Every structure is written in C-alpha cells, then in structure tokens.
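# Residue-level structure breakdown
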Amino acid sequence: MQDLPYSLMAELKRFAGKELPPVDDWHPVTEKDIDLEILANGTWNYMGTPILRRRLIRLFASVLRKEGEEYFLVTPAEKCRIRVMDAPFQIVLMCVSADGPIQKLQVTTDMGEIVLIDDEHPLRMAHDNGESIPYVMIRGGMEGRMNRNVYYQLTDLLVERDGKFGVWSGNRFFDLEC
C-alpha cells in the first residue's frame, strides 16, 4: 500500500479509529484518479491486487463519497476518483426483531456499519440477467448489496400484502416484486 499517493495516506491516518469523518463538508481543490476499484463481490483492489488489510479497507470506506455516478475517497486535501463495479458495501448480517408491520430489519455491512431498513435506508430489489439482487441504502447515496446468505434470510420473511410480496421494516412495507 505504500504506492498509494502519500498525501492521501497521510490525511487518512488522521481519521483512523474515529467516527465517520464529515466528507460531505470537504471540498478539496486537488482531484485525481487512482487505480483502486471495488469489485461486485466486495473485494477492494489496488492496481489489480486485492487489499488484504481490513483496517485499511475500513479506513478507505470511511472517507468514501458518491457524487452522481462517481465514487471518491475524500480528505480535506484531495479527492481521489475510484471505480465501483456494483455497490461499495456488502451486507453480511441481518437481525430481525418482532414481526408483521412492527418488524424491524437491521443490517450490518462488511465495514461494520449498522442501519435499520426504513424510509432513510430503503430496501430495493434489482434484476440483472434473471437474478434478483436486494440492495439497501447505507449512507450518502451509497448502497450495500446483500450477500446470498442474508438474501435467503430475507426470503424467509416475505409476506403478501395487496397481492404483492415483500417485507416489513421500520413501519414500512418494501415491495420486492419490482
């Protein structure tokens, strides 16, 4: 990882182990592309090689911002464009409490972020080549893709309402037949 631009690494060290930094408040003048991509399976690659240090990946994810359809690692000093092949986060766990309209579905991403599926963090179903893929809005316009095991757990919770199948969470019915 020493090959990453020095200024980006120096800035990131200031935020290690803290709450998510206020990336939306930062508007650096310097903008560039770096050879960093997040694959559809959640693997982070730098120059075609997987990054294996989870702490480093979590640090990068903490300063990730989406602008339109582009993704950036942002610090007060610079903004580095990266590629995201699908969604930047993977949903790896789901906790269910209660059932029916008061049911709550809480999901955890591979970065350790926890959100309740609700109006602020909606669940949606996408279809790609005959495959149905559930996504949840995590933060800042960025979604998490449900891993297969979480998707199977979700399908066990399907109920019918007004002729549509979906799930309840956060006092809202999420239609999954889209």
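A short tour of the structure in this document, coming up. (Residues numbered from 1 in each chain as written. Predicted model: local features only at pLDDT ≥ 70, side-chain atom pairs only at ≥ 80, totals over all residues. Heavy atoms only, no water.)

## Quick word on the sheet that holds strand E1 (residues 30–38)
Test applied: If DSSP finds at least two bridges between two strands, the strands pair. Secondary structure elements follow DSSP: runs of H or I of four or more residues count as helices, runs of E of two or more count as strands, with numbering from the N terminus.
Reading across from one edge, E3-E2-E1-E6-E5-E4 is the order of the 6 strands in this open sheet, with mixed pairing throughout. Each having just a single partner strand, strand E3 (49–50) and strand E4 (64–67) make up the two edges of the open sheet. Pairing of strand E2 (residues 44–46) with E3, which is carried by 2 bridges, proceeds in the antiparallel orientation. Each bridged residue has a counterpart across the sheet, and for Asn45 the counterpart in E3 is Pro50.

## Observations concerning the side chain of Thr108
Our working definition: Burial here depends on accessible area, computed with a 1.4 Å probe over protein chains only, as a share of the maximum for the residue type. Under 20% is buried, over 50% is exposed, and the range in between is partly exposed. Any two residues whose heavy atoms approach within 4.5 Å are treated as being in contact.
In this fold, Thr108 is placed in strand E8 (residues 104–109). The exposure class of Thr108 is buried, given its relative accessible area of 15%. Beyond its immediate sequence surroundings of up to four residues, Thr108 is in contact with Gln90, Ile91, Val92, Leu93, Glu113 and Ile114.

## A word on the environment of Gly140
Checked against the element boundaries, Gly140 lands in the loop between strand E11 (131–139) and strand E12 (142–146). In this structure, the C-alpha to C-alpha distance between Gly140 and Asp24, residues 116 residues apart in sequence, is 8.5 Å.

## Details of the pairing of E8
The pairing of strand E7 (residues 89–97) with E8 spans 6 bridges and is antiparallel. When the sheet's bridge partners are listed, Leu93 is paired in E8 with Thr108. Between the antiparallel neighbours E7 and E8 lie 6 residues, among them Ala98 with a positive phi of about 65°. Bridge analysis of E8 against strand E9 (residues 114–116) gives 3 bridges, and the strand direction is antiparallel. Bridging across to E9, Gln106 finds its partner in Leu116.

## Details of the pattern of salt bridges
Our working rule: By convention in these notes, a salt bridge is any Lys or Arg side-chain nitrogen within 4 Å of a carboxyl oxygen on Asp or Glu.
Going through the model one piece at a time under the given rule, you end up with 15 salt bridges. Shared partners join several salt bridges into a network, and the residues in it are Glu31, Asp33, Arg65, Glu67, Glu70, Lys79 and Arg81.

## Overview of helix H3 (residues 148–155)
Put simply, the test is: The arc in question is the one spanned by the directions pointing from the helix axis to the C-beta atoms.
Taken residue by residue, H3 has Val150, Tyr151 and Leu154 as its buried positions. With its buried residues spanning 105° around the axis, H3 presents them on a single face. The inward-facing, buried residues of H3 abut E7, E8, strand E10 (123–128), E11, E12 and strand E14 (164–169).

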